[in-house]
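An overview of the molecular structure
For reference, the chains in residue letters:
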Amino acid sequence: MKAVEAKKPGLAAGGVLRRPFFWIMAAIVAAFAVAPSIGNDVELREDLLLAAVYITLASNINLILGYAGYVNFGSIVFFGLGGYFTVYFMSALGWNLVAASLIGGLAVSALAYAFGLGILRLRGAYFALATIGVNEAVQAFVTNFTPWGAGTGIYLSTELFLPLGGPAQALWVIYYALVGVMGLSLYLSYFIKISKFGLGLRAIGENEDAAAVLGVPTPRYKTMVYCVSAFLPAVAGGLYFFKGAFIQPIDAFDLNFSTEAIVTAMLGGQGTVLGPALGAYVYEQLRSWLLTSDTFANFQLVISGALLLVIVLFAPGGLMGWLYRRWPGLRKVLE
Amino acid sequence: MTALLAIENLGKRFGGLAAVQDLSFEVAEHEILGLIGPNGAGKSTLFNLINGVFKPDSGRVVFRGADITGMAPYLVARAGLARTHQIVQPLGAMSVRENCTVGACFGRENLPLAAARQIAEEVAVFVGLGDRLDVPASQLTVAGKKRLELARALSAQPTLLLLDEVLAGLNPTEVERMIAVIRRIRERGVTILMIEHLMQAIMSLSDRIVVLNTGQKLAEGSPSEVANDPAVIEAYLGDPELAAEFRGALA
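Residues numbered from 1 in each chain as written. Chains lettered and ligands numbered in written order. Predicted model: local features only at pLDDT ≥ 70, side-chain atom pairs only at ≥ 80, totals over all residues.

Here's the deal with the overall build of chain A
Looking only at helices and strands, chain A features 17 helices and two strands. Here the C-alpha atoms of chain A give a radius of gyration of 20 Å, agreeing with the 20 Å that 2.2 N^0.38 yields for 335 residues. Viewed in the frame of its principal axes, chain A has a C-alpha envelope of about 65 × 50 × 45 Å. Per-residue burial over chain A gives 49% buried out of 335 residues. Partitioning the contacts of chain A with sequence separation of at least 6, the portion at a separation of at least 24 is 75%. (Helix = DSSP H or I, 4+ residues; strand = E, 2+ residues; numbered from the N terminus. Rg over C-alpha atoms; globule rule 2.2 N^0.38 Å. Buried ≥ 20, exposed ≤ 12 C-beta atoms within 10 Å, placed from the backbone. Contact = placed C-beta atoms within 7 Å.)

Brief notes about the sheet that holds strand 6 (residues 81-83) of chain B
Residues and elements named next belong to chain B. Strands sit in the order 6-7-8-3-9-10 across an open sheet of six strands; the sheet is mixed. Looking at which strands have only one partner, the edges of the open sheet turn out to be strand 6 and strand 10 (216-221). For this sheet, the mean inter-axis angle between neighbouring strands, taken without regard to orientation, is 20 degrees. Pairing geometry for strand 7 (residues 160-164) and strand 8 (residues 191-195), over five bridges, is parallel. Paired with Leu 160 across the strands is Thr 191, a residue of strand 8. Taken strand by strand, helix 1 (residues 43-50) contacts strand 3 (32-36), strand 6, strand 7, strand 8 and strand 9 (208-213), and its axis lies near 150 degrees from that of strand 7. (Pairing = 2+ DSSP bridges. Axes fitted to C-alpha atoms, helices over the stretch in contact; angles between N-to-C directions.)

Re the sheet that holds strand 4 (residues 58-63) of chain B
Residues and elements named next belong to chain B. The strand order across the open sheet built from four strands is 2-1-4-5, with neighbouring strands paired in antiparallel fashion. In the strand order of this sheet, the two ends are held by strand 2 (17-28) and strand 5 (66-67), each with one partner. Two strands pair when backbone bridges link them, and strand 1 (residues 3-14) and strand 4 are joined in this way by five bridges, in the antiparallel orientation. When the sheet's bridge partners are listed, Ile 7 is paired in strand 4 with Val 61. Sheet strands in contact with helix 1 are strand 1, strand 2 and strand 4, and its direction is about 65 degrees off that of strand 2.

Observations regarding the pairing of strand 10 of chain B
Residues and elements named next belong to chain B. One ladder, built from five bridges, connects strand 9 with strand 10; its direction is antiparallel. Residue pairing for strand 10: Asn 213 is matched across the bridge by Gln 216. Following strand 9, the chain reverses through two residues before pairing antiparallel with strand 10; Thr 214 in that reversal takes a positive phi of roughly 40 degrees.

Describing helix 7 (residues 124-143) of chain A
For an α-helix, the turn length of 3.6 residues means that residues three or four places apart are oriented alike. All names here are of chain A. Its 20 residues give helix 7 an end-to-end C-alpha distance of 29 Å, which sits within 8% of 28 Å, the value for a rise of 1.5 Å per residue. Restricting attention to buried positions, one finds in helix 7 the residues Ala 130, Thr 131, Val 134, Asn 135, Val 138, Gln 139 and Val 142. Where the residues of helix 7 are buried, they touch helix 5 (76-93), helix 6 (97-119), helix 12 (249-252) and helix 13 (255-268). (Expected span 1.5 Å × (residues − 1).)

Description of the confidence of the model for chain B
Low pLDDT means the predicted atomic positions in that stretch should not be read closely. A residue-level look at chain B finds 93% of positions with pLDDT of 70 or above and a mean pLDDT of 90. Here the predicted complex carries an ipTM of 0.90, next to a pTM of 0.89. (pLDDT = per-residue confidence, 0-100.)

As for the interface of chain A and chain B
Opposite the 21 residues of chain A that make contact, chain B presents 25 residues. Among the elements of the structure, helix 9 (196-206) and helix 10 (208-213) of chain A are those that each provide at least two residues to the side of chain A that touches chain B. Examining the composition of the side of chain A that touches chain B, we find that six residues originate from one element, helix 9 of chain A, more than from any other. Taken together, the residues that form the side of chain A that touches chain B break down as 11 nonpolar, six polar and four charged. (Nonpolar A, V, L, I, M, F, W, Y, C, P; charged D, E, K, R; others polar.)

Description of unusual backbone geometry
Residues and elements named next belong to chain B. Notably, Asp 22 is not glycine yet its phi reads approximately 40 degrees, a positive angle. For Asp 22, the position within the fold is in strand 2. Phi at His 30 takes a positive value of approximately 70 degrees, unusual for a residue other than glycine. When you line up the elements, His 30 lands in the loop between strand 2 and strand 3.

A look at the nonpolar core
Grouped together as the largest cluster of nonpolar side chains are 179 residues, with contacts concentrated most on Ala 52, Leu 178 and Val 216 of chain A. Setting aside residues up to four positions removed in sequence, Val 216 of chain A forms contacts with Gly 200, Ala 203, Ile 204, Ala 211 and Tyr 221 of chain A together with Tyr 74, Val 102 and Phe 106 of chain B. (Core = buried A, V, L, I, M, F, W, Y, C linked by C-beta atoms within 7 Å.)

Some thoughts on the packing of helix 3 (residues 96-106) of chain B against helix 5 (residues 142-155) of chain B
Residues and elements named next belong to chain B. Orientation of helix 3 relative to helix 5, taken along the N-to-C sense of each, is 35 degrees, at an axis distance of 6 Å. The crossing of helix 3 and helix 5 is right-handed. Residues Val 96, Asn 99, Cys 100, Val 102, Gly 103 and Ala 104 of helix 3 form the contact with helix 5, whose own contacting residues are Leu 148, Ala 151, Arg 152, Ala 153 and Ser 155. Classifying every residue of the contact of helix 3 with helix 5 gives seven nonpolar, three polar and one charged. (Left-handed = near helix turned anticlockwise from the far one by under 90°.)

This is the structure in structure tokens:
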């Protein structure tokens, strides 16, 4: 028994630090931070910025989709609301970016908790429909909410970029902040996966009734994961819309973005930590190529639909599932 | 004898059908109580009422002196009452070790992950799944899945274990091994309430038997008392072949 015990990497900081995957995630974040900084490559930065946003959305939707098995079609509501809170706090209340985006994130998590109490009683297709309902209801509300500019939205004064060292430097600051949010999303996903909370979520994903009989506090866990999965996308939304200095309902609550988050998580392999990030990166590269090619302008949504179909039918494990089958040893290294 | 579990005037209707009616009995600490009755007698419904899957329409369930009537299943599990399912419910994509760890983590002891893993491994070895720890639950044989049901429930280190036909679908050798496991569970101080159709097994394992018919208690007593009860023979053992098996089990 002693030997078995020694082999088990504990949850203590030392145990985690000895796992290669901990450092693989660090390497990914470092690569994102360093690559465009070399030679001040603005084009690469913009490309990776979008990838970081996609990875953030995919990693967080994976918490509820991949671990707990609940399909959240309306996850973009977190991103959009985060954007609105941040932009509003900055323009109307004069808060700085850090305070606005973090408080915005917390506010969205609190709202998610309230939504979750209502819709997490539903399962399967009903839950998925309800999440779309939440997104549409919030969009309808915001479109009529005058303090947030109703349908026209809110413009930010470019003066707000001055504290960050002017527009040019502000874009770099925002980029690094988004890479940070992406990194936190990866680590959050990882630490949840290897925790007791994650074990309970995966049990719910496999068979919710059996999980409850085994003692998993299903209502609390589901609400918690829905709430937690809202925070970082909301912060990312705040940074993203601050960067654009403009937010309006149709951009903030775009369901296409929601669908893409699901496709990317499934493409990479839901329920794994690296999969959603990998899927998001691959998809974002594909998407930017399709958007710039004359033949395929706006064609990415057709592709994402087709991809979803192919994944569901032929590769439910996504890219990670394929990698694990090809090299079973990878399971031990890549979570 | 102190009652670990008391069922008091429990009733549950599904539309026009009274699945359980005015049912009362007690399970004493450290005993094995067998629950028998024809198909549709309300045995599995009773289990679902005890562990909170269904809310009863009337009556109470008292466990270790506390009223747990209609409490959510995960709270009942936390209180120290574990069960297996007649139709196995493995967490398919998760390994045997992970399945048992869920039981240990969220059961009576509410253990942290590392401690739960250790219990899970011990219990898996105990029920004979020691060499299948890393196998996904979906890949186990029927007998393996039955053992897993048992292992998961045991990992919770329950005070009371509800076993719903853990012997069904097993071949004679497997039945033999499972019976040995059940006896050893009782030796560990766990009280057992078990549903079983396999007469010989339940007659030899149980200290007492409760017979259900159409949701009501038909008889209660030691295996020999129940087997010789005219009401039981008439209603439940009306089938002469089954009656013979019943008697044979006692011989």
